[in-house]
Amino acid sequence: MAPPGPAGAHPTPAEPLSRSIFRKFLLMLCSLLTSLYVFYCLAERCQTLAGPVVRPSGGGEEAGAPGRGALAGGPRELAVWPAAAQRKRLLQRQQRRRRRPPAPRDDGEEAAWEEEPPGLAGGPGGSGAGSSAAEAPPGTLALLLDEGSKQLPQAIIIGVKKGGTRALLEFLRVHPDVRAVGAEPHFFDRSYDKGLAWYRDLMPRTLDGQITMEKTPSYFVTREAPARISAMSKDTKLIVVVRDPVTRAISDYTQTLSKRPDIPTFESLTFKNRTTGLIDTSWSAIRIGIYAKHLEHWLRHFPIGQMLFVSGERLISDPAGELGRVQDFLGLKRIITDKHFYFNKTKGFPCLKKAEGSSKPHCLGKTKGRTHPEIDREVVRLLRDFYRPFNLKFYQMTGQDFGWDG
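Computed from a prediction, not measured in an experiment: that's the story for all the values here. (Residues numbered from 1 in each chain as written. Predicted model: local features only at pLDDT ≥ 70, side-chain atom pairs only at ≥ 80, totals over all residues. Heavy atoms only, no water.)

## Brief notes about the packing of aromatic side chains
For the structure shown, the criterion picks out 22 aromatic pairs. Taking the centre distance of 6.3 Å and the plane angle of 10° together, the rings of F394 and W404 count as stacked. Pair noted here: F394 is in helix 13 (residues 377-398) and W404 is in the segment after helix 13, with a separation of 10 residues, a long-range link. W404 sits in the buried class, given a relative accessible area of 7%. (Phe/Tyr/Trp six-rings, centres within 6.5 Å; stacked < 30°, edge-to-face > 60°. Helix = DSSP H or I, 4+ residues; strand = E, 2+ residues; numbered from the N terminus. Buried < 20%, exposed > 50% of the residue type's maximum accessible area, 1.4 Å probe, protein only.)

## Examining the sheet that holds strand 10 (residues 237-242)
In space, the 5 strands of this open sheet follow the order 7-9-6-10-13, with parallel pairing throughout. Of all the strands in the sheet, just strand 7 (178-180) and strand 13 (307-311) have a single pairing partner and so form its edges. Taking the axes of each pair of neighbouring strands and ignoring which way they run, one obtains an average angle of 25° across the sheet. Where strand 6 (residues 155-159) lies against strand 10, 4 bridges are found, and the strand directions are parallel. Bridged to I156 within strand 10 is L238. Running at roughly 160° to strand 13, helix 10 (residues 291-299) makes contact with strand 6, strand 10 and strand 13 of the sheet. (Pairing = 2+ DSSP bridges. Axes fitted to C-alpha atoms, helices over the stretch in contact; angles between N-to-C directions. Contact = heavy atoms within 4.5 Å.)

## Observations concerning the UniProt feature "binding site: 3'-phosphoadenylyl sulfate" (unreviewed entry) in the protein chain
Taken from the UniProt record, the annotation "binding site: 3'-phosphoadenylyl sulfate" (unreviewed entry) applies to K162, G163, G164, T165, R166, R243, S251, K368, G369, R370, T371 and H372. Among the structural elements, R370 can be located in the loop between strand 16 (362-364) and helix 13. Exposure remark for R370: the relative accessible area of 21% places this residue in the partly exposed category. With respect to the helices and strands, H372 occurs in the loop between strand 16 and helix 13. In contact with H372, other than residues within four places in its own chain, are R243, T247, I250, S251 and T254. (UniProt positions renumbered as here; feature names shortened; annotations may be inferred.)

Now the structure itself:
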């Protein structure tokens, strides 16, 4: 064996071999760490991509299941959007929608809702904070991504004006299986000549299992509306919100007065001849409240079982109870309950703790619940006498006593 060399001599062949192995090990380790980092970055990026991942529709998960939005990609396939991308786009659209001013209405109806401070949500009539009324329901994300399809309405709120139709519609929109157009379409009374394709295009997109709805209170008093709706679909479910006809007439007049302060008094419009006490039924505020006569036209085209009559008074005193009846009528699961409401003492109306697409409490707008003018008691008495026989007939026709003559 050769003796070891002196200090400073060249290294033996074993030394560079060890260093070479060590350098390769470091290189492999760096490559592995780099690969892991790239994979991690790609995985994070994939969570925000807008592209769909296609899977068979028979995978056992229903369209619109929580956390995923379903897009109909054909009869045998379903495109599923990553949940993170859905949440991101949902937030962006909700922010844009909240910044956007309310769309103008061609029927003179004012914006229906206004936001209230969160502190009001714990008032009487509900369970306080913690309601999930405004949580995005199953399918909402998918619908905001323009998925689903537009359908003709399967249910319509056909009346009556100043009965509580706007409140009912907004309450129903909390339900994840209800999709409704916001503005009144007025198709079956004003725009029928535009055709069903035009009407369908007004409707929101829906997924399988969801109901499309609209509300136009003037349909109930339009003679052509029953036949036209029946021609569209004999299976259409009809909802009528009714209210004490005397109170309804005064409310109707109050709304008109707020827009046209120069109109005659309620008393002068009510009578054809004040001396004889003859009521002027040509005035729409009076005519609308003759519910029995209007209902006769509807029963020529729809069975009474296909119509639901909602009490406008109970919609205020017990909104959850009336909404329960409506959900049963529409074949929906009872999701809207007491926990979604609180009573606003100032307005005298129930309010939603969280309305659709919002995280704040919502009440009917300032134009709702206006203070009625003082009406001569004798005029009110004469009106009650006038409506009484029509009310009794209406009770018989519907099988419900609304208690307006008690």
